[in-house]
Amino acid sequence: MNILITGMSGLIGGAARERLAPHARLSALNRSDVEGIPTTRADLSDFDAIRPAFDGQHTVVHLAAKPGEHFTWDELLYTNVVGTRNVVKAAREAGCKRLIFASSGATTTGWEHDEPYKALAEGRYDDVPDTWTMIRHDMPTRSRGIYGATKVWGETLCRDAADSSPLSVLCLRIGYVNAEDRPVRPRHYSVWCSQRDVAEAIALSVEAPLDLHFDVFFVNSRNRWGYRDLTHAEEAVGFVPRDAAEDHR
(Lines give C-alpha, C1' and ligand atoms only; values in the text may rest on other atoms or scores of the structure.)
Protein backbone atom coordinates (compact mmCIF):
# COMPACT_ATOMS: atom_id res chain seq x y z
CA MET A 1 0.00 0.00 0.00
CA ASN A 2 1.21 3.50 -0.85
CA ILE A 3 0.78 5.85 2.09
CA LEU A 4 1.46 9.59 2.14
CA ILE A 5 2.11 11.14 5.56
CA THR A 6 1.98 14.89 6.05
CA GLY A 7 4.11 16.15 8.92
CA MET A 8 6.26 13.02 9.10
CA SER A 9 9.10 14.95 10.74
CA GLY A 10 6.94 15.59 13.80
CA LEU A 11 6.69 13.46 16.92
CA ILE A 12 3.55 11.57 15.90
CA GLY A 13 4.78 11.39 12.31
CA GLY A 14 7.94 9.64 13.44
CA ALA A 15 5.98 7.15 15.53
CA ALA A 16 3.62 6.47 12.62
CA ARG A 17 6.55 6.00 10.26
CA GLU A 18 8.15 3.40 12.51
CA ARG A 19 4.88 1.50 12.86
CA LEU A 20 3.84 1.60 9.19
CA ALA A 21 7.18 1.30 7.36
CA PRO A 22 7.42 -2.52 7.48
CA HIS A 23 4.01 -2.87 5.84
CA ALA A 24 3.72 -0.05 3.30
CA ARG A 25 5.52 2.18 0.81
CA LEU A 26 5.74 5.52 2.58
CA SER A 27 6.23 9.00 1.22
CA ALA A 28 6.17 12.33 2.99
CA LEU A 29 4.69 15.76 2.42
CA ASN A 30 6.82 17.99 4.59
CA ARG A 31 8.43 21.40 4.78
CA SER A 32 11.83 19.75 5.16
CA ASP A 33 13.35 16.54 3.85
CA VAL A 34 12.66 13.32 5.76
CA GLU A 35 15.78 11.19 5.64
CA GLY A 36 15.26 7.86 3.92
CA ILE A 37 11.74 8.73 2.70
CA PRO A 38 10.72 10.22 -0.68
CA THR A 39 9.62 13.70 0.30
CA THR A 40 7.64 16.43 -1.41
CA ARG A 41 8.80 19.67 0.17
CA ALA A 42 6.00 22.21 0.14
CA ASP A 43 3.82 24.38 2.33
CA LEU A 44 0.32 23.00 2.83
CA SER A 45 -1.20 26.35 1.96
CA ASP A 46 0.17 26.05 -1.61
CA PHE A 47 -2.24 23.69 -3.33
CA ASP A 48 -0.39 23.52 -6.65
CA ALA A 49 2.85 22.63 -4.87
CA ILE A 50 1.38 19.81 -2.77
CA ARG A 51 -0.98 18.30 -5.36
CA PRO A 52 1.53 15.97 -7.13
CA ALA A 53 2.38 14.23 -3.85
CA PHE A 54 -1.07 12.62 -3.77
CA ASP A 55 -0.93 10.85 -7.13
CA GLY A 56 -0.79 7.09 -6.76
CA GLN A 57 -1.45 7.13 -3.03
CA HIS A 58 -3.93 4.74 -1.49
CA THR A 59 -4.06 6.40 1.93
CA VAL A 60 -3.19 9.85 3.24
CA VAL A 61 -2.36 10.31 6.93
CA HIS A 62 -2.73 14.02 7.58
CA LEU A 63 -0.73 14.88 10.71
CA ALA A 64 0.75 18.27 9.83
CA ALA A 65 -0.67 21.08 11.97
CA LYS A 66 0.19 23.96 14.23
CA PRO A 67 -0.74 22.38 17.59
CA GLY A 68 -1.89 24.45 20.50
CA GLU A 69 -2.90 27.98 21.38
CA HIS A 70 0.54 29.62 21.26
CA PHE A 71 0.45 30.14 17.48
CA THR A 72 -0.81 33.26 15.74
CA TRP A 73 -4.11 33.31 13.92
CA ASP A 74 -2.30 33.48 10.57
CA GLU A 75 -0.24 30.39 11.42
CA LEU A 76 -3.35 28.45 12.42
CA LEU A 77 -5.25 29.72 9.41
CA TYR A 78 -2.70 28.81 6.75
CA THR A 79 -1.71 25.42 8.19
CA ASN A 80 -4.76 24.06 10.01
CA VAL A 81 -7.55 25.61 7.96
CA VAL A 82 -6.27 26.28 4.45
CA GLY A 83 -3.76 23.43 4.65
CA THR A 84 -6.36 20.86 5.70
CA ARG A 85 -8.72 22.06 3.00
CA ASN A 86 -5.95 21.61 0.43
CA VAL A 87 -5.09 18.11 1.68
CA VAL A 88 -8.71 16.99 1.48
CA LYS A 89 -9.13 18.50 -1.97
CA ALA A 90 -5.91 16.92 -3.27
CA ALA A 91 -6.84 13.49 -1.86
CA ARG A 92 -10.21 13.66 -3.60
CA GLU A 93 -8.77 14.81 -6.92
CA ALA A 94 -6.09 12.12 -6.87
CA GLY A 95 -8.61 9.34 -6.21
CA CYS A 96 -7.11 8.30 -2.87
CA LYS A 97 -9.14 5.66 -1.05
CA ARG A 98 -8.77 6.84 2.54
CA LEU A 99 -7.83 9.96 4.47
CA ILE A 100 -6.90 9.79 8.15
CA PHE A 101 -7.24 13.20 9.75
CA ALA A 102 -5.34 13.91 12.96
CA SER A 103 -7.99 15.77 14.86
CA SER A 104 -7.51 16.46 18.55
CA GLY A 105 -8.98 16.05 21.98
CA ALA A 106 -8.93 19.86 21.90
CA THR A 107 -12.29 19.58 20.14
CA THR A 108 -13.74 18.74 23.58
CA THR A 109 -11.42 20.37 26.16
CA GLY A 110 -14.08 22.99 26.86
CA TRP A 111 -15.78 20.35 28.99
CA GLU A 112 -12.96 20.90 31.48
CA HIS A 113 -14.71 24.11 32.55
CA ASP A 114 -17.33 21.90 34.22
CA GLU A 115 -17.14 19.39 37.04
CA PRO A 116 -16.15 16.62 37.36
CA TYR A 117 -13.98 17.12 34.27
CA LYS A 118 -12.33 20.18 35.78
CA ALA A 119 -11.30 18.18 38.85
CA LEU A 120 -10.05 15.31 36.69
CA ALA A 121 -7.88 17.65 34.61
CA GLU A 122 -6.53 19.41 37.70
CA GLY A 123 -5.77 16.18 39.53
CA ARG A 124 -8.21 16.91 42.39
CA TYR A 125 -9.24 13.28 42.69
CA ASP A 126 -10.85 13.68 46.13
CA ASP A 127 -13.44 15.88 44.38
CA VAL A 128 -14.20 13.32 41.68
CA PRO A 129 -17.25 11.03 42.10
CA ASP A 130 -16.95 7.26 41.90
CA THR A 131 -18.22 7.33 38.31
CA TRP A 132 -18.65 10.04 35.72
CA THR A 133 -20.15 10.41 32.26
CA MET A 134 -17.54 9.87 29.59
CA ILE A 135 -17.41 12.35 26.72
CA ARG A 136 -18.35 10.43 23.60
CA HIS A 137 -17.54 11.10 19.96
CA ASP A 138 -21.20 11.85 19.18
CA MET A 139 -21.63 14.48 21.90
CA PRO A 140 -21.44 18.18 20.95
CA THR A 141 -17.93 19.47 20.39
CA ARG A 142 -16.70 22.05 22.86
CA SER A 143 -13.34 23.47 21.95
CA ARG A 144 -11.37 25.82 24.14
CA GLY A 145 -9.49 28.28 21.96
CA ILE A 146 -8.83 28.78 18.29
CA TYR A 147 -6.66 25.67 17.82
CA GLY A 148 -9.47 23.39 18.95
CA ALA A 149 -11.88 25.28 16.73
CA THR A 150 -9.67 24.64 13.69
CA LYS A 151 -9.86 20.91 14.45
CA VAL A 152 -13.65 21.07 14.73
CA TRP A 153 -13.66 22.78 11.35
CA GLY A 154 -11.38 20.06 9.94
CA GLU A 155 -13.74 17.33 11.14
CA THR A 156 -16.66 19.12 9.50
CA LEU A 157 -14.75 19.41 6.24
CA CYS A 158 -13.90 15.69 6.42
CA ARG A 159 -17.55 14.81 7.01
CA ASP A 160 -18.50 16.74 3.88
CA ALA A 161 -15.77 15.01 1.85
CA ALA A 162 -17.02 11.58 2.92
CA ASP A 163 -20.62 12.55 2.16
CA SER A 164 -19.87 13.94 -1.29
CA SER A 165 -17.17 11.60 -2.64
CA PRO A 166 -15.94 7.99 -2.51
CA LEU A 167 -13.15 9.03 -0.11
CA SER A 168 -13.26 7.20 3.23
CA VAL A 169 -12.33 9.54 6.08
CA LEU A 170 -11.48 8.70 9.69
CA CYS A 171 -10.95 11.50 12.21
CA LEU A 172 -8.76 10.62 15.21
CA ARG A 173 -9.16 12.87 18.24
CA ILE A 174 -5.64 12.36 19.54
CA GLY A 175 -4.76 13.04 23.17
CA TYR A 176 -1.61 14.63 24.54
CA VAL A 177 1.48 13.02 22.99
CA ASN A 178 4.83 14.29 24.26
CA ALA A 179 8.54 13.72 23.71
CA GLU A 180 8.99 12.37 27.25
CA ASP A 181 6.40 9.68 26.42
CA ARG A 182 4.98 9.87 29.92
CA PRO A 183 2.71 12.20 31.90
CA VAL A 184 4.60 15.14 33.40
CA ARG A 185 1.74 17.35 34.67
CA PRO A 186 -1.48 16.61 36.57
CA ARG A 187 -3.70 17.12 33.50
CA HIS A 188 -1.69 14.56 31.50
CA TYR A 189 -3.05 11.76 33.71
CA SER A 190 -6.42 12.54 32.16
CA VAL A 191 -5.56 13.12 28.49
CA TRP A 192 -2.14 11.51 27.85
CA CYS A 193 -1.52 9.22 24.87
CA SER A 194 1.67 7.21 24.46
CA GLN A 195 3.59 7.26 21.20
CA ARG A 196 3.02 3.51 20.89
CA ASP A 197 -0.74 3.86 21.32
CA VAL A 198 -1.14 6.69 18.82
CA ALA A 199 0.94 4.82 16.23
CA GLU A 200 -1.19 1.72 16.73
CA ALA A 201 -4.42 3.69 16.34
CA ILE A 202 -3.15 5.14 13.07
CA ALA A 203 -2.12 1.70 11.80
CA LEU A 204 -5.51 0.21 12.67
CA SER A 205 -7.21 3.10 10.87
CA VAL A 206 -5.09 2.45 7.79
CA GLU A 207 -6.06 -1.22 7.85
CA ALA A 208 -9.79 -0.75 8.54
CA PRO A 209 -12.20 -1.89 5.78
CA LEU A 210 -13.07 0.82 3.30
CA ASP A 211 -16.77 0.33 3.95
CA LEU A 212 -16.07 2.24 7.16
CA HIS A 213 -16.71 5.37 5.17
CA PHE A 214 -16.61 7.96 7.94
CA ASP A 215 -16.03 7.95 11.66
CA VAL A 216 -14.67 10.00 14.56
CA PHE A 217 -13.12 8.54 17.70
CA PHE A 218 -10.84 9.42 20.59
CA VAL A 219 -7.27 8.11 20.83
CA ASN A 220 -5.84 8.15 24.35
CA SER A 221 -3.93 5.74 26.49
CA ARG A 222 -5.73 3.74 29.20
CA ASN A 223 -6.00 6.55 31.74
CA ARG A 224 -7.59 5.89 35.13
CA TRP A 225 -8.68 9.54 35.35
CA GLY A 226 -9.59 10.02 31.70
CA TYR A 227 -12.93 11.42 30.59
CA ARG A 228 -12.83 10.66 26.85
CA ASP A 229 -14.65 7.52 25.77
CA LEU A 230 -12.51 4.86 24.10
CA THR A 231 -15.18 2.21 23.56
CA HIS A 232 -16.12 3.60 20.16
CA ALA A 233 -12.51 3.44 18.95
CA GLU A 234 -12.51 -0.25 19.81
CA GLU A 235 -15.84 -0.76 18.05
CA ALA A 236 -14.73 1.15 14.96
CA VAL A 237 -11.17 -0.09 14.32
CA GLY A 238 -10.28 -2.39 17.21
CA PHE A 239 -8.14 0.12 19.08
CA VAL A 240 -7.38 -0.96 22.65
CA PRO A 241 -4.58 1.09 24.28
CA ARG A 242 -1.65 -0.83 25.71
CA ASP A 243 -0.22 1.92 27.89
CA ALA A 244 -1.62 3.66 30.96
CA ALA A 245 -0.85 7.01 32.55
CA GLU A 246 -0.95 5.50 36.04
CA ASP A 247 1.99 3.24 35.18
CA HIS A 248 4.13 6.39 35.40
CA ARG A 249 3.13 7.59 38.87
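The preceding data block contains the structure.
Residues numbered from 1 in each chain as written. Predicted model: local features only at pLDDT ≥ 70, side-chain atom pairs only at ≥ 80, totals over all residues. Heavy atoms only, no water.

*Asks:* Teacher, can you tell me more about the side chain of S194 here?
*Replies:* Residue placement: S194 occurs in the loop between α6 (188-191) and α7 (195-207). Under the relative-accessibility criterion, S194 is labelled buried at 1%. Side-chain polar atoms of S194 contact the backbone nitrogen of D197, separated by 2.9 Å. There is a polar contact of 2.6 Å between the side chain of S194 and the side chain of D243. In this structure S194 touches D181, S221 and D243, once residues within four positions along its chain are discounted. (Helix = DSSP H or I, 4+ residues; strand = E, 2+ residues; numbered from the N terminus. Buried < 20%, exposed > 50% of the residue type's maximum accessible area, 1.4 Å probe, protein only. Polar contact = N/O pair within 3.5 Å; in protein donor to acceptor, adjacent residues only side chain to side chain. Contact = heavy atoms within 4.5 Å.)

*Asks:* Hey, could you run me through helix α1 (residues 11-20) in this one?
*Replies:* Residue pairs three or four apart in sequence face the same way in an α-helix, which turns once every 3.6 residues. Of all the positions in α1, only G13, A15, A16 and L20 are classed as buried. Axial view of α1: buried residues confined to an arc of 165 degrees, hence all on one face. (Arc of directions from axis to C-beta.)

*Asks:* Looking at this structure, I do not really get the environment of H113. What am I missing?
*Replies:* Tracing the backbone shows H113 in the loop between β5 (98-104) and α4 (117-122). Not counting the four nearest positions on each side in its chain, H113 is found in contact with K118, R142 and R144.

*Asks:* Can you help me understand helix α5 (residues 146-164) in this one?
*Replies:* Its 19 residues place the ends of α5 27 Å apart at the C-alpha level, agreeing with the 27 Å of an ideal helix rising 1.5 Å per residue. Residues Y147, G148, T150, K151, V152, G154, E155, L157, C158, A161 and A162 constitute the buried set of α5. Summarising the contacts, the buried residues of α5 are in contact with α3 (73-94), β5, β6 (168-174) and β7 (214-219). (Expected span 1.5 Å × (residues − 1).)

*Asks:* Whenever I open this one, the sheet that holds β6 confuses me. Can you help?
*Replies:* Within a beta sheet, neighbouring strands are joined by backbone hydrogen bonds and run either parallel or antiparallel to one another. The sheet built from 7 strands is open, its strands ordered β3-β2-β1-β4-β5-β6-β7 with parallel pairing. Every interior strand has two partners, whereas the edge strands, β3 (39-41) and β7, have only one. Across the sheet, the axes of successive neighbouring strands diverge by a mean angle of 20 degrees, strand direction being ignored. Summarising the sheet, strand β1 (residues 2-6) and strand β2 (residues 25-30) pair through 5 bridges and their orientation is parallel. (Pairing = 2+ DSSP bridges. Axes fitted to C-alpha atoms, helices over the stretch in contact; angles between N-to-C directions.)

*Asks:* In this structure, what is going on with the packing of α3 against α5? I would like to understand it.
*Replies:* Helices that pack against each other are described as a pair by the angle of their axes relative to one another and the distance between those axes. Interaxial distance between α3 and α5 falls to 10 Å at its minimum, and their mutual angle equals 15 degrees. Of the possible angle classes, the one that applies to α3 and α5 is roughly parallel. Here α3 runs over α5; the crossing is right-handed. Seen from α3, the contacting residues are W73, L76, N80, V81, T84, R85, V88 and R92; seen from α5, they are I146, Y147, T150, W153, G154, L157, C158, D160, A161 and S164. (Parallel < 35°, antiparallel > 145°, perpendicular 65-115°, else oblique. Left-handed = near helix turned anticlockwise from the far one by under 90°.)

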